[in-house]
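Examining the three-dimensional arrangement
Each chain, written out:
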Amino acid sequence: MNRKNNVANWIPYLIVMLALVSLFSMNMGTETQTLSYNDLQKVVASDNTDKVTVSISSNITTVSGQYTEDGKTVAFEGTIPSTSEAIETILSSTEKKAVTIVDADASNLFVDALLTLIPFVFMAGLAVWMINRMNGAQSANGKAFEFSKSRARLEGKVRVRFTDVAGCDEEKQEMAEIIDYLKFPKKFEKMGARIPKGVLLAGHPGTGKTLLAKAVAGEANVPFYSISGSDFVEMFVGVGASRVRDMFKKAKETAPCIIFIDEIDAVGRQRGAGFGGGHDEREQTLNQLLVEMDGMEENTGIVVVAATNRPDVLDPALLRAGRFDRQITVSLPDRKGREAILRVHARNKHISEEVDLGALAKRTPGFSGADLENVLNESAILAVRHNEESISMADVDEAIDRVMMGPAKVSRTYDDKTKKLVAYHESGHAIVGLFLDNAQVVQKVTIIPRGQAGGYNLMTPKEEKMMDTKNDLLATITSYMGGRVAEETFFDDVTTGASNDIERATNIAKDMVTLYGMSDLGPIKYNSASQNVFLGRDYNSPNNVSGQVAFEIDQEVRKIVNLCHDKATEIIGSHKQELVRIAEALMEYETLTSEQIQRVVNGEDISADFETKSAGKPAEEATQNA
Ligand code: ADP
Ligand code: MG
Ligand code: ZN
């Protein structure tokens, strides 16, 4: 905070204090003796009195003055009625003293006027000061009066570099060209190349879109205006549009530069699909954005980079050539990418030798960069909690489970029957994974409740694939069915614990029928009515399947799920022994890894694993049992 601001902060206190002081002095003045009518006459007549003021007003006349007593001067004051006799009596008793006669009404008028004015002046001053403060560039939060200014923040020195963005090599290469252009525009002009005005980064949340855009600015070393789509949207119609205008004006002054619009879907939604007219403001904003991008002459040196995780809801006008004509999909990292991201974030962490980042990457398919960062951060926090010197593999293990499912609910205890049910349910999943080709491999299974789930099962594909075959999908549904089938087989009863499995299995089956054409209904895409109308799309597009076809879809879905259910029953039926072994081990040790499961199934004794663990790591055991 600068000095000027400091002074400004004190102004209201100063004003209040001044006002108080002036009021105080007006009322009290110096100490004055108040005299009764009789005493007053005596004092006025006395020889010691040397100064008398008579101020006459319409009702009461005030007589004041001072006299000397024992060498001290004493001020006195008293009132008399404003009758001519009373005044005359006083005046006559003053005799030869210096008497001042004042018309009190006249002077009071002036004082009254002044007094009534003071609050107004005070209020007006305060108002002016507040508005000034709110508009002032130095104030960080008081922007209420700054409607039409663009909210774009100019980030002068961006520290992020390409080395901080791991994994997205293709994406980085695309962006490298933009950097090259911002640095050496002449090279491109000479060749007659038109550099795209807009680049759209699309991809899952947390895949590093914002990070990538920042890295571009950091590498190019040009001004970087960053604004979020929602900053355009305000209560007042027209504000967004003027903000867009202002932003481009500012950018033109500092070209070459990058304008980064994060979460552009907040303004770039398809037009004309809103509810109840509430979208007018957004449409105006979007129109203005389109106009500005069109108005930009070629190669002005401004590159607009936008990011969204919903490219499908964007207005087509935004995506046409000349606007955001280059789309870069930032995809979820593959195994190599994940390892690279883990390395980037492990740079500033104390990680023990035993932690194998490569193996970690293998175990975390589907994790985004943000998830991986979160895993490492969680494991660092856990290491601190356990008073360890560096982050151990157990910390990382626990962190992965936490990120996926929430913290373990070690305090929630099962009764023995529930524990057995959960153990058999989870073992059912594990058995299907082990004995069905194409099915996902169980990496870890636990019966410690976590988040919503009673127990859980981390399954990953054997290899990472670009796409799934029909058999892969069927195998996946079968592994989801494994839990329920185990309940049926061993308890002759079913639990509510399988609802999540059932939901996921049903969704896959539905997609197989309506999207992938993997059923007897043939390779036709059937719209489902489940699309969310609030996403601004498909509001009016009806469920374009007839009742008959909807019925057939349901039948096909049921056929697929039933088929997988039967398959799971068959597998579990022929591997009952192995399943019981896993379940018993689970009830004893609560958590098993894929390698331990394999050993249990082979009939090996794994108790040694847990003995050394508990002996070697008392701290961890203590918290686990807490
Ligand atoms: P989004 O795509 O949602 O904009 P961000 O760019 O904000 O995601 O990423 C969130 C965080 O995730 C980053 O701050 C970074 O720590 C981490 N992250 C994501 N992707 C990567 C990556 N490729 N390399 C390194 N860190 C990444
Ligand atoms: Mg982002
Ligand atoms: Zn289950």
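Residues numbered from 1 in each chain as written. Chains lettered and ligands numbered in written order. Predicted model: local features only at pLDDT ≥ 70, side-chain atom pairs only at ≥ 80, totals over all residues. Heavy atoms only, no water.

Here we come to the site of ligand 1. If you check the shell around ligand 1, you find 16 residues, and the closest are Ala 166, Gly 206, Lys 209, Thr 210 and His 345. Contacts to ligand 1 include Leu 211, whose backbone N or O atom sits 2.9 Å from an oxygen atom. With respect to ligand 1, the side chain of His 345 contributes an N or O atom lying 2.8 Å from a nitrogen atom. Here ligand 1, which alone exposes 550 Å², has 81% of that area covered by the protein. Those elements giving two or more residues to the shell around ligand 1 turn out to be helix 7 (209–220), helix 12 (335–346) and helix 14 (369–385). (Near = heavy atom within 4 Å. Polar contact = N/O pair within 3.5 Å; in protein donor to acceptor, adjacent residues only side chain to side chain. Areas by Shrake-Rupley, 256 points an atom, 1.4 Å probe, with all protein chains shown as cover. Helix = DSSP H or I, 4+ residues; strand = E, 2+ residues; numbered from the N terminus.)

Time to look at the sheet that holds strand 2 (residues 49–56). As summarised here, the arrangement of the 5 strands in space is 1-4-3-2-5, forming an open sheet in which the pairing is mixed. Either end of the sheet is taken by a strand with one partner, and the two such strands are strand 1 (32–35) and strand 5 (98–103). Each neighbouring strand pair of the sheet contributes to a mean axis angle of 20°, computed without reference to strand direction. For strand 1 and strand 4 (residues 72–81), the ladder comprises 4 bridges, and the chain directions are parallel. Directly across from Gln 33, in strand 4, lies its bridge partner Phe 76. Strand contacts of helix 2 (residues 37–45): strand 1, strand 2, strand 3 (60–69) and strand 4, with the helix running at about 130° to strand 4, the strand carrying the most contacts. Against the sheet, helix 3 (residues 84–94) makes contact with strand 2, strand 3, strand 4 and strand 5, and its axis sits at roughly 155° relative to strand 4, the strand it touches most. (Pairing = 2+ DSSP bridges. Axes fitted to C-alpha atoms, helices over the stretch in contact; angles between N-to-C directions. Contact = heavy atoms within 4.5 Å.)

Turning next to the coordination of the zinc ion (ligand 3). At 2.0 to 2.1 Å from the zinc ion (ligand 3) lie its protein donor atoms, namely His 425 (NE2), His 429 (NE2) and Asp 501 (OD). Counting residues between consecutive donors of the zinc ion (ligand 3) along the chain gives the motif H-x3-H-x71-D. Of this pair, His 425 sits in helix 16 (residues 416–435) while Asp 501 sits in helix 18 (residues 499–514), and the two are 76 residues apart along the sequence. Across the pair, exposure class does not vary: His 425 and Asp 501 are buried alike. (Donors = N, O, S within 2.8 Å, 3.2 Å for Na, K, Ca; no water. Buried < 20%, exposed > 50% of the residue type's maximum accessible area, 1.4 Å probe, protein only.)

This brings us to the nonpolar core. Counting 48 residues, the largest nonpolar core has Ile 477, Met 512, Ile 560, Ile 582, Leu 592 and Ile 597 as its most contacted members. Those elements giving two or more residues to this core turn out to be helix 16, strand 12 (441–446), helix 17 (470–491), helix 18, helix 19 (547–574), helix 20 (576–589) and helix 21 (594–601). The contact partners of Leu 592, leaving out residues within four places of it in the chain, are Gln 443, Lys 444, Val 445, Ile 582, Ala 585, Leu 586, Ile 597, Ile 606 and Phe 610. (Core = buried A, V, L, I, M, F, W, Y, C linked by side-chain atoms within 4.5 Å.)

Averaged over every residue, the pLDDT of the protein is 79; residues scoring 70 or more account for 82%. At the low end of the mean pLDDT range in the protein sits helix 23 (residues 618–625), at 35; at the high end sits helix 19, at 93. Taken as a whole, residues 613–626 scores under 50 in pLDDT and shows 9 contacts with residues more than four places along the chain or in a different chain. (pLDDT = per-residue confidence, 0-100.)

Attention shifts here to the side chain of Thr 364. Tracing the backbone through its elements, the reader meets Thr 364 in the loop between helix 13 (357–362) and helix 14. Taking the relative accessible area as the measure of exposure, Thr 364 reaches 1% and is therefore buried. Sequence-distant contacts of Thr 364, defined by excluding residues within four places in its chain, comprise Arg 338, Leu 372 and Ile 400.

Their axes nearest at 9 Å, the elements helix 17 and helix 18 cross at an angle of 160°. Comparing the axis directions of helix 17 and helix 18 gives the class roughly antiparallel. As for how helix 17 packs across helix 18, the hand of that crossing is left-handed. Between helix 17 and helix 18, the contacting residues are Lys 470, Leu 473, Leu 474, Thr 476, Ile 477, Tyr 480, Met 481 and Arg 484 on the first element and Asp 501, Ile 502, Arg 504, Ala 505, Ile 508, Ala 509 and Met 512 on the second. Considering only residue class, the contact of helix 17 with helix 18 consists of 10 nonpolar, 1 polar and 4 charged. (Parallel < 35°, antiparallel > 145°, perpendicular 65-115°, else oblique. Left-handed = near helix turned anticlockwise from the far one by under 90°. Nonpolar A, V, L, I, M, F, W, Y, C, P; charged D, E, K, R; others polar.)

Bringing the pattern of salt bridges into the picture now. The final tally for this structure, using the stated rule, is 17 salt bridges. Between Arg 335 and Glu 339 there is a salt bridge whose closest N-O contact spans 3.8 Å. A residue pair is termed a helical-turn pair when its members lie 3 or 4 positions apart in one helix, as Arg 335 and Glu 339 do in helix 12 at 4 residues. Of the residues examined, Arg 335 reaches a relative accessible area of 36% and is grouped as partly exposed. Looking at Glu 339, the relative accessible area reads 19%, which means it is buried. (Salt bridge = Lys/Arg side-chain N within 4 Å of Asp/Glu carboxyl O.)

Time to look at the side chain of Gln 288. Position of Gln 288 among the secondary structure elements: in helix 10 (residues 280–295). Setting aside anything within four residues of it in sequence, one finds Gln 288 in contact with Ala 241, Val 244 and Arg 245.

In terms of backbone geometry, most residues other than glycine have negative phi values and most peptide bonds are trans. Unusually for a residue other than glycine, Asn 221 sits at a positive phi of about 60°. By the element assignment, Asn 221 lies in the loop between helix 7 and strand 8 (224–228). In this structure, Glu 263 takes a positive phi of about 50° despite not being glycine. Of note, Glu 263 is situated in the loop between strand 9 (257–262) and helix 9 (265–268).

With that out of the way, let us pick up the packing of aromatic side chains. Applying the stated criterion to the full structure yields 5 aromatic pairs. Judged by centre distance (5.8 Å) and plane angle (90°), the rings of Tyr 181 and Phe 188 are edge-to-face. Like Tyr 181, the residue Phe 188 is buried in the burial classification. Measuring from ring centre to ring centre gives 5.8 Å for Phe 224 and Phe 260, while their planes differ by 15°; the resulting arrangement is stacked. (Phe/Tyr/Trp six-rings, centres within 6.5 Å; stacked < 30°, edge-to-face > 60°.)

Below, the discussion takes up the environment of Thr 300. Mapped onto the secondary structure, Thr 300 falls in the loop between helix 10 and strand 10 (302–308). When its relative accessible area of 29% is taken as the criterion, Thr 300 is described as partly exposed. Once the C-alpha coordinates of Thr 300 and Pro 185 are considered, the two residues, 115 residues apart in sequence, prove to be 9.3 Å apart. Those residues in contact with Thr 300 that lie beyond four places of it in its chain are Tyr 181 and Ala 255.

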